[in-house]
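# Observations on the model geometry
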Amino acid sequence: MKATRRATPYLFLGPAMLVFGFAILWPVFMTFVYSFTEWNGYGPMTFVGVENYAKAIGDALFRDSFAHVIFYIAVTLVLEVLVGLCLAGLVSAIRRGSLWFRVAIFTPVMLPMVVVAVLWKFVYNADFGLLNAALKGLGLESLQKVWLGDTNTALLAICVVSGWVFAGFYMTIFYAAFNQVPSEIVEAARLDGAGEWQIFRRVKVPMIRNAITVSVLLCVTGGFQGFDLFYVMTNGGPYGATEIPTTYLVKSVFSFGNVGYGSAMAVILTAIVVVVGLIFARVSGSRAERDLS
Amino acid sequence: MTTTATTRSRVASRVPGILFSLSLIVIAIVFFFPMVWMVASSFKSNSAIFSTPFALPSSIDLGQWVKAWDVGHIGQYALNSAIVTASSVFAILLLGAGAAFAFSRYRFRGRQVLMGALALGLLLPLQSYFIAQSTLFTDLAITDTRWALIIPYTAMGLPLAVYLLKVYLDALPDELFEAARIDGAGDFRVFWALVLPLLRPGLATVAIFSALASWNEFLLALLYIQDDSLKTIPTGLLAFSSRYVTDYGLLFSALSIITLPMIIIYIVFNKQIVEGITAGSLK
């Protein structure tokens, strides 16, 4: 459509671009600039070149934080995506009453993560927590632990909470995808004598490959950006066992005033998220092309 | 012959069906149990929470809920969340629809560059900008005002909103717009009278995921709002939980007060919400 005035498109676009540029693009650029400086946030700023990046690479705590987040991502891929996939398979295999299961399992996704985190701090509480109480009830007192205070269990405990929240989310995505699978194909497989498991494994799952790729991408990039659960449940503790890049850089910048160093870590983290995202886009894009040809 | 075969296969497929239902019931109970425990504990005293964690409360006494609501400023936090969320969603819808309209229906200089810039927003994580954003907001003295949340929430919501709304608009036939033009409608009239009404389903989807994102956002709210009277639910609840760190019944009450309305909203609007959230994530 031709605009009645040449300025029209810019008038429609202006407000959105202004807000976006002001609150996101400019700060992205400035974070990049800060990453080459030493600065406490208000005093004088000194240019230090790539020193912050060298420091980050040599920082054992920063490296550990990556090890933790990669462990978290690996476990949540199972607890969120794989469990979500199996749940979706179960739900789509039953014919009636699936709505209530979907409601029950999806509900945690709606809640603010802080609410979830505070609730689960209670579930894991050593004195009256649901988990230790359940173990006691089952006569398994020897397994009772200070779940979030034990360096061996804290990170895994957080992964479980993440699974509790997001398994329902991925289930919903996969359930919607399963519903797109033509029922003739499923029926044909059933007539050929395929059992429910075979139908799930050999027919339905291959047909929703795209949804699975997207979910893995979401789980990986979302995992790198995790913060709320970690901050509220352990804030990196005990003894740094659950320190992830974001809790570490928030501490560096907002507790210790290392804006330059924190920015360099933020840039590294951003680069990783963007590169992972682009690789996935490339992979799923080329696969879509192959499927078409 | 064929009928017996189909009957047999029906029976055979019904047996796993029952097994599936049973296992799903167990799973749903496991998923729901922490929330049931939370609500049950909200009616208990500390000693009852410690001694009989699984028992149902002896009576449904809403006294702790009232107390949590009063001393915990939950009403204030909820109001703040509502104001910030409503303002951000309104801004996202209005600015997003405008931008989507410009990208979809006009060809102008700089279109590709601006679209690319906005698409960057789909990829960039919060970590890429929040450090410099916080120094910027401090310099401009907008921290500890509602703007410190409304502006970034709007900016964060815009890329996806524009992208989705543009997809909707691209699907509309050109003739529609040409006809409006022939009827003498100018650019702004086309936008108000034609684009906005036609975009309604898309706007509803965008509204849902933007509202949930703003309602639940935590990191920026933690960094930008220190003033307790401006805190939103996530940061407010955190402040509450550090103030009443050992009054467990009260904390469970606060958690329940926040959780139950969201569950009810979800049960009523589950179809739209699921659609909104999945559309919002499948960018």
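## Looking at the overall build of chain A
- Scanning chain A from terminus to terminus reveals 13 helices and 2 strands.
- Seen through its principal axes, chain A has C-alpha atoms that stretch 75 × 70 × 35 Å.
- The buried share of chain A, reckoned over its 293 residues, is 46%.
- In chain A, once contacts between residues fewer than 6 apart in sequence are set aside, the share between residues at least 24 apart is 72%.

## Some thoughts on the confidence of the model for chain B
Residues and elements named next belong to chain B.
- In this model, chain B carries a mean pLDDT of 87, and residues with pLDDT of at least 70 account for 93%.
- This stretch, residues 1–8, has a pLDDT under 50; its non-local contacts, to residues over four places away or in other chains, come to 0 contacts.
- Reported confidence for the predicted complex is 0.89 by ipTM and 0.89 by pTM.

## Details of helix 10 (residues 200–216) of chain B
All names here are of chain B.
- Over its 17 residues, helix 10 extends 24 Å from the first C-alpha to the last, a length consistent with the 24 Å expected when each residue adds 1.5 Å.
- With 12 of 17 residues buried, helix 10 lies mostly within the body of the structure.
- Here helix 10 has its buried residues at Gly-202, Leu-203, Thr-205, Val-206, Ile-208, Phe-209, Ser-210, Ala-211, Leu-212, Ser-214, Trp-215 and Asn-216.

## Details of the packing of helix 1 (residues 8–34) of chain A against helix 7 (residues 147–170) of chain B
- Between helix 1 of chain A and helix 7 of chain B, the shortest axis-to-axis distance is 9 Å and the interhelical angle comes to 120°. Taken together, the axes of helix 1 of chain A and helix 7 of chain B are oblique relative to one another. In the packing of helix 1 of chain A onto helix 7 of chain B, the handedness of the crossing is left-handed. Here helix 1 of chain A contributes Ala16(A), Val19(A), Phe20(A), Ala23(A) and Ile24(A) to the contact with helix 7 of chain B, which in turn contributes Ile151(B), Pro152(B), Thr154(B), Ala155(B), Leu158(B) and Val162(B).
- Taken together, the residues of the contact of helix 1 of chain A with helix 7 of chain B sort by class into 10 nonpolar, 1 polar and no charged.

## Notes on the domain arrangement of chain B
- For chain B, the assigned domains are domain 1 (2–64) and domain 2 (72–172 + 201–243).
- Relative to domain 2 of chain B, the C-alpha centre of domain 1 of chain B lies at a distance of 37 Å.

## So, unusual backbone geometry
- Of note in this structure, Tyr239(A) is not a glycine but carries a positive phi near 50°.
- Take Tyr239(A): it is sitting in the loop between helix 11 (228–233) and helix 12 (245–255).
- The backbone of Ala141(B) sits at a positive phi, close to 55°, despite the residue not being glycine.

## Regarding the environment of Val205(A)
- Assignment of secondary structure puts Val205(A) in helix 9 (residues 196–207).
- Judged by C-beta crowding, with 19 C-beta atoms within 10 Å, Val205(A) ranks as partly exposed.

Calculation notes
- Residues numbered from 1 in each chain as written.
- Chains lettered and ligands numbered in written order.
- Predicted model: local features only at pLDDT ≥ 70, side-chain atom pairs only at ≥ 80, totals over all residues.
- Helix = DSSP H or I, 4+ residues; strand = E, 2+ residues; numbered from the N terminus.
- Buried ≥ 20, exposed ≤ 12 C-beta atoms within 10 Å, placed from the backbone.
- Contact = placed C-beta atoms within 7 Å.
- pLDDT = per-residue confidence, 0-100.
- Expected span 1.5 Å × (residues − 1).
- Axes fitted to C-alpha atoms, helices over the stretch in contact; angles between N-to-C directions.
- Parallel < 35°, antiparallel > 145°, perpendicular 65-115°, else oblique.
- Left-handed = near helix turned anticlockwise from the far one by under 90°.
- Nonpolar A, V, L, I, M, F, W, Y, C, P; charged D, E, K, R; others polar.
- Domains from an automatic or database assignment.

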